Amino acid sequence: MMAGTCHICGKPAFRTCLLCSKPACKQHLDDKGFACMNCNPNKKGPNRSEGPGKPGGVMG
């Protein structure tokens, strides 16, 4: 598996934001690893992504 480069900080990124499709490191993804900080600036707040089918998150 090749690492990409986080579009926020430039560190190695092994995941991709499901909303903007850009690579992001673990630090810049929400707690569930679905949305990056740019797509979900309140990643630690009540609007963080809870994933598919979960009400209240950015995906539900």
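This one's a predicted model, so the numbers in the text were calculated from it and none came from an experiment. (Residues numbered from 1 in each chain as written. Predicted model: local features only at pLDDT ≥ 70, side-chain atom pairs only at ≥ 80, totals over all residues. Heavy atoms only, no water.)

Asks: How would you sum up the overall build of the protein chain? Please name residues and give values.
Replies: When helices and strands are tallied, the protein chain shows zero helices and four strands. Walking the protein chain from its N terminus toward its C terminus, one meets helices and strands in the order β-β-β-β. Residue burial in the protein chain is summarised as follows: out of 60 residues, 28% are buried. Considering only residue pairs separated by 6 or more positions, the protein chain has 8% of its internal contacts joining residues 24 or more positions apart. Accessible surface computed for the protein chain: about 3900 Å², of which carbon and sulfur atoms make up 53%. (Helix = DSSP H or I, 4+ residues; strand = E, 2+ residues; numbered from the N terminus. Buried < 20%, exposed > 50% of the residue type's maximum accessible area, 1.4 Å probe, protein only. Contact = heavy atoms within 4.5 Å. Areas by Shrake-Rupley, 256 points an atom, 1.4 Å probe, with all protein chains shown as cover.)

Asks: I'd like a description of the environment of A13, backed by residues and values.
Replies: Checked against the element boundaries, A13 lands in strand 2 (residues 12–13). Ignoring anything within four residues of it in the chain, the contact list for A13 reads A3, G4, T5, C6, P23, A24 and C25.

Asks: Any chance you could break down the environment of C36 for me, citing the residues and the numbers?
Replies: With respect to the helices and strands, the residue C36 is situated in the segment after strand 4 (23–24). Residue class for C36 comes out buried when judged on its relative accessible area of 0%. Linking C36 and L18, residues 18 residues apart in sequence, is a C-alpha distance of 8.2 Å. Non-local contacts of C36, meaning those with residues more than four positions away in its chain, are made with H7, I8, C17, C20, A24, H28 and L29.

Asks: Now, about the state of the cysteines: what can you tell me, with residues and values included?
Replies: Put plainly, two cysteines are in a disulfide when a covalent bond ties their sulfur atoms together. For the coordinates displayed, the defined rule picks out zero disulfides. For the unlinked cysteine C6, the closest cysteine sulfur is that of C9, found at 3.8 Å. The thiol of C17 is not disulfide-bonded; the next cysteine sulfur, from C20, is found 3.7 Å away. Residue class for C17 comes out buried when judged on its relative accessible area of 1%. (Disulfide = S-S within 2.5 Å.)

Asks: So what's going on with unusual backbone geometry? Residues and values would help.
Replies: In this structure, S21 takes a positive phi of about 65 degrees despite not being glycine. Its place among the elements puts S21 in the loop between strand 3 (15–16) and strand 4.

Asks: Lay out the nonpolar core with the relevant residues and their values.
Replies: Core analysis: the largest hydrophobic core is formed by eight residues, namely C6, A13, C17, A24, C25, L29, A35 and C36. When near neighbours in sequence (up to four residues on either side) are disregarded, A24 contacts C6, H7, A13, F14, R15, L29 and C36. (Core = buried A, V, L, I, M, F, W, Y, C linked by side-chain atoms within 4.5 Å.)

So, to be careful, I would describe these as geometric facts and stop short of saying anything about function.
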